[in-house]
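# Remarks on the overall topology
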Amino acid sequence: MKRTADRFFTDGQMRDLLSQLRRRAGQGRLTDRVDYSLVTFAWATGCRASEIASMSLNRAQPNWIDLQSGLITITDAKWDSRGTLPLDAASLRILRRYVRDIRPLIRNAAVLDRFFLTKTGHPYTSNKLTQKLRLLLTRYGFESKSAHSFRHFFCTDLFRRGAHLH
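Computed from a predicted model, the values in this text were never measured in an experiment.

## Points about the layout of surface pockets
There is about 400 Å³ of room inside the second largest pocket. Together, 19 residues line the second largest pocket, and Thr-31, Thr-118, Lys-119, Tyr-124 and Lys-132 are the ones closest to its centre. Secondary structure elements with two or more residues in the lining of the second largest pocket: helix H2 (30-45) and helix H5 (126-139). When its residues are assigned to classes, the lining of the second largest pocket shows 7 nonpolar, 3 polar and 9 charged.

Next up, the structure:
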């Protein structure tokens, strides 16, 4: 894919995408509620698709989320990068609601510790999660964007706020 500015989200586009997803999630369909939680996670963390796919509720796993503290720990990532990411309060509320109200409705959720599961109750692979995000972006009118566009947006936003990206 050619590198062009339209591959990256503007602030307005990201607000529009999240607003559309929130509106659909409010209608109550399980898949729409899961999609809103998934995109919120991608937006709020800037994690790669492989990191999101392997995210777990179990602290014994390399990539896991602690919903008490709102911290995400990544120890199994590309280039041996490691880190801990704090979630903002609004995203943490959405993800807690996902675990409390939505995730239990998904098949196999009670026996699997992966954070996000497919609609058939299986853990995502990196490729399947990338395809899922691509499908959602296309559905909401952002066909020039990719799963990695969330990471670019997150890093750009951090940089604008004065963070050192390393």
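Now that the structure is up, let's keep going.
## As for the pattern of salt bridges
Under the criterion given, the structure shown has 8 salt bridges. Of the charged contacts in the structure, one is a salt bridge between Arg-160 and Asp-11, with a shortest N-O distance of 2.9 Å. Residue Arg-160 is located in helix H6 (residues 147-160), and its partner Asp-11 is located in helix H1 (residues 11-25); the two are separated by 149 residues in the primary sequence. Overall, Arg-160 belongs to the partly exposed group, its relative accessible area being 48%. For Asp-11, a relative accessible area of 32% gives the class partly exposed. Among the salt bridges present, the one from Arg-29 reaches Asp-32, with a minimum N-O distance of 3.6 Å. By sharing partners, the salt bridges in this structure join Arg-24, Arg-29 and Asp-32 into a single network.

Scoring rules and cut-offs
- Residues numbered from 1 in each chain as written.
- Predicted model: local features only at pLDDT ≥ 70, side-chain atom pairs only at ≥ 80, totals over all residues.
- Heavy atoms only, no water.
- 1 Å grid on protein atoms, 1.4 Å probe; cavity = no way out; pocket = protein on both sides within 12 Å on 5 of 7 lines; lining within 4 Å.
- Points joined across faces, edges and corners; volume = space filled by probe spheres on them.
- Helix = DSSP H or I, 4+ residues; strand = E, 2+ residues; numbered from the N terminus.
- Nonpolar A, V, L, I, M, F, W, Y, C, P; charged D, E, K, R; others polar.
- Salt bridge = Lys/Arg side-chain N within 4 Å of Asp/Glu carboxyl O.
- Buried < 20%, exposed > 50% of the residue type's maximum accessible area, 1.4 Å probe, protein only.

Fair warning: the whole summary comes from geometry, so function is off the table for now.
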